[in-house]
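Reading the structure
The lines below spell out each chain.
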Amino acid sequence: MKRVFAATIGGRPVVHDPATGLTHLSPLRVRAGRHVLEEDAVACWPSISPADLDVAVPVSVCWSPIVRCNLACPHCLDDKSVPEAGTGERMRIAGILAASGVLGVDISGGEPLLLRDLPELARRLASGGIAVSTTTNGWHLARRASELVGAVDAIRVSLDGPDPARHDAWRGRDSFARAVDGIRAAIEAGLRVQIQTVLMRSTRDSAQEMVDLAAALGAGGVTFLQMLPLGEGAALAREQMLTDAEAATTIAALRIPPGVSVRLRTREAAEGFTVVRADGQAWRNTDRAHRIAAFRPLRRPADLYLSGRRDGSA
């Protein structure tokens, strides 16, 4: 079963899936709020780009309340120079997001599992009827999975290779084993898990193995994220970035096992996506997600308004 957030936008009934980040058109009439729906049914419903919906606020946002991370990945998107707010400020931002009318919030970082108050932040978001996910490198997931049950609706675990040699080359020694242990613990605890892989020239040849690994672990699927030339990853862009067309060709060739969902998030789709960083400043991807720009501090729900800008995909 999938827990999703449902709403009617521009006269269209839609549901947002916190695991895949996809927004689907529903063939059913929906009431706004959190619903549990059959997983196979939701996956079969047509997806729609947030840019094609008539929305005043983003369908979903990424919130990065932490800059700190226990790993040092060379393709990281985060800006490590951003100051990190304290506990009270994090809860204030969570309250604004909860009242904003967005369908989904993904808590990212940095590494969000380093935050002791992560479950409380997630519950504050959920109090506004929002579908909540968290993106993690998985290092601390095995020990914290039980705390997240009932707080988050999905866990997105970053894996950049199907085995220790290839994954650890990007994320550091023992990071594959820790992430896989975390995925198993989260699934055993009853949490939905989606693997996320940054699609690069160095990782595209292992795409099929990533899908097969997801099936073997019991994860719901794999989201392949086109590399964005942001943060520290900008230094790798010329060497590692695929075109959206090359990425689409790679994904189209995959054999998808039953029960596994596969999604490609292109750079074009990510244009206009909203990110709230650890200092409480709202940012949006621009120039087909080749750049990110701050547009205002988040002091009230209206500060997320799109104001004629196109929305982007998670």
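Everything discussed here concerns the structure shown above.
Everything quoted here is computed from the prediction, not taken from an experiment. (Residues numbered from 1 in each chain as written. Predicted model: local features only at pLDDT ≥ 70, side-chain atom pairs only at ≥ 80, totals over all residues. Heavy atoms only, no water.)

1. A short note on the overall build of the protein
Scanning the protein from terminus to terminus reveals 10 helices and 14 strands. The globule rule puts the C-alpha radius of gyration for 314 residues at 20 Å, and the 18 Å found for the protein is close to it. In terms of its C-alpha atoms, the protein occupies a principal-axis envelope of roughly 45 × 45 × 40 Å. Taking all 314 residues of the protein together, 57% fall into the buried category. A separation threshold of at least 6 residues defines the contact pool for the protein, and within that pool the share at least 24 residues apart is 69%. Of the side-chain charges in the protein, 38 are positive and 35 negative, and the distance between the mean point of each set is 4 Å. (Helix = DSSP H or I, 4+ residues; strand = E, 2+ residues; numbered from the N terminus. Rg over C-alpha atoms; globule rule 2.2 N^0.38 Å. Buried < 20%, exposed > 50% of the residue type's maximum accessible area, 1.4 Å probe, protein only. Contact = heavy atoms within 4.5 Å. Lys, Arg positive; Asp, Glu negative; His and termini not counted. Charge placed at Lys NZ, Arg CZ, Asp CG, Glu CD.)

2. Side note on helix H4 (residues 141–148)
Since the α-helix packs 3.6 residues into each turn, any two residues three or four apart lie on the same face. Those residues of H4 lying buried are Leu141, Arg144, Ala145 and Leu148. Within H4, the buried residues cover an arc of 135° as seen down the axis, which keeps them to one side. Residues of H4 that are exposed and angled more than 90 degrees away from the buried face: Arg143 and Ser146. The elements touched by buried residues of H4 are helix H3 (118–126), strand E7 (131–136), strand E8 (154–158) and helix H6 (175–188). Once H4 ends, the next one or two residues include Gly150, with phi positive near 85°. (Arc of directions from axis to C-beta.)

3. Some points on the layout of surface pockets
Taken as a whole, the largest pocket spans an internal volume of roughly 320 Å³. Those elements that place two or more of their residues in the lining of the largest pocket are helix H1 (39–44) and strand E11 (261–265). Of the residues assigned to the lining of the largest pocket, the class counts are 5 nonpolar, 6 polar and 6 charged. Quantified by volume, the second largest pocket comes out at close to 230 Å³. Along the wall of the second largest pocket there are 13 residues; nearest its centre are Arg3, Val152, Asp153, Gly190 and Leu191. Those elements that place two or more of their residues in the lining of the second largest pocket are strand E1 (2–9) and strand E4 (33–37). Tallied by class, residues from the lining of the second largest pocket come to 6 nonpolar, 2 polar and 5 charged. (1 Å grid on protein atoms, 1.4 Å probe; cavity = no way out; pocket = protein on both sides within 12 Å on 5 of 7 lines; lining within 4 Å. Points joined across faces, edges and corners; volume = space filled by probe spheres on them. Nonpolar A, V, L, I, M, F, W, Y, C, P; charged D, E, K, R; others polar.)

4. A look at the environment of Ala248
Take Ala248: it is sitting in helix H9 (residues 244–252). A residue is classified by how much of its surface remains accessible, and Ala248, at 37% relative accessible area, is partly exposed. Taking C-alpha positions, Ala248 is 30 Å from Thr8, a pair spaced 240 residues apart along the chain.

5. Section: the sheet that holds strand E2 (residues 12–16)
Sheet architecture is open: 4 strands sit in the order E3-E2-E1-E4, paired in antiparallel fashion. In the strand order of this sheet, the two ends are held by strand E3 (23–25) and E4, each with one partner. Averaged over all pairs of adjacent strands, the angle between their axes in this sheet comes to 40°, without regard to strand direction. Where E1 meets E2, 5 bridges bridge the pair, whose relative direction is antiparallel. Its bridge partner being in E2, Ala7 is matched across the sheet by Val14. (Pairing = 2+ DSSP bridges. Axes fitted to C-alpha atoms, helices over the stretch in contact; angles between N-to-C directions.)

6. Describing the packing of aromatic side chains
For the structure shown, the criterion picks out 0 aromatic pairs. Over the ring of Trp283 we find Arg277, and its NZ or CZ is 4.2 Å from the ring centre. (Phe/Tyr/Trp six-rings, centres within 6.5 Å; stacked < 30°, edge-to-face > 60°. Lys NZ or Arg CZ within 6 Å of the ring centre and 35° of its normal.)

7. Quick notes on the pairing of E8
Burial analysis of E8 places 5 of its 5 residues in the buried class, the great majority of the element. Burial of E8 is two-sided: the residues Ala154, Arg156 and Ser158 facing one way and the residues Ile155 and Val157 facing the other way are all buried. As judged from the 4 bridges shared by E7 and E8, these two strands associate in the parallel manner. Directly across from Ser133, in E8, lies its bridge partner Ala154. Handedness of the crossover is the feature at issue here: the chain leaves E7, passes through H4, returns alongside E8, and the resulting connection is right-handed. When E8 meets strand E9 (residues 193–199), the two strands line up parallel, connected through 4 bridges. Within the sheet, the bridge partner assigned to Ile155 lies in E9 and is Val193. (Right-handed = clockwise from strand over helix to strand, strands pointing away.)

8. Some details on the sheet that holds strand E13 (residues 281–286)
One open sheet accounts for 10 strands, arranged E11-E10-E9-E8-E7-E6-E5-E12-E13-E14; its pairing is mixed. Of all strands in the sheet, those with a lone pairing partner are E11 and strand E14 (291–297), marking the two edges. The average undirected angle you get between the axes of adjacent strands in this sheet is 25°. Examined bridge by bridge, E13 and E14 share 6 bridges and lie antiparallel to one another. Each bridged residue has a counterpart across the sheet, and for Asn285 the counterpart in E14 is Ile292. Along the sheet face, helix H2 (residues 87–98) touches strand E5 (60–63), strand E6 (104–107) and strand E12 (274–276) and points at about 175° away from the line of E5. Across the sheet, H9 lies against E9, strand E10 (221–226) and E11, angled at about 170° from E11, the strand it touches most.

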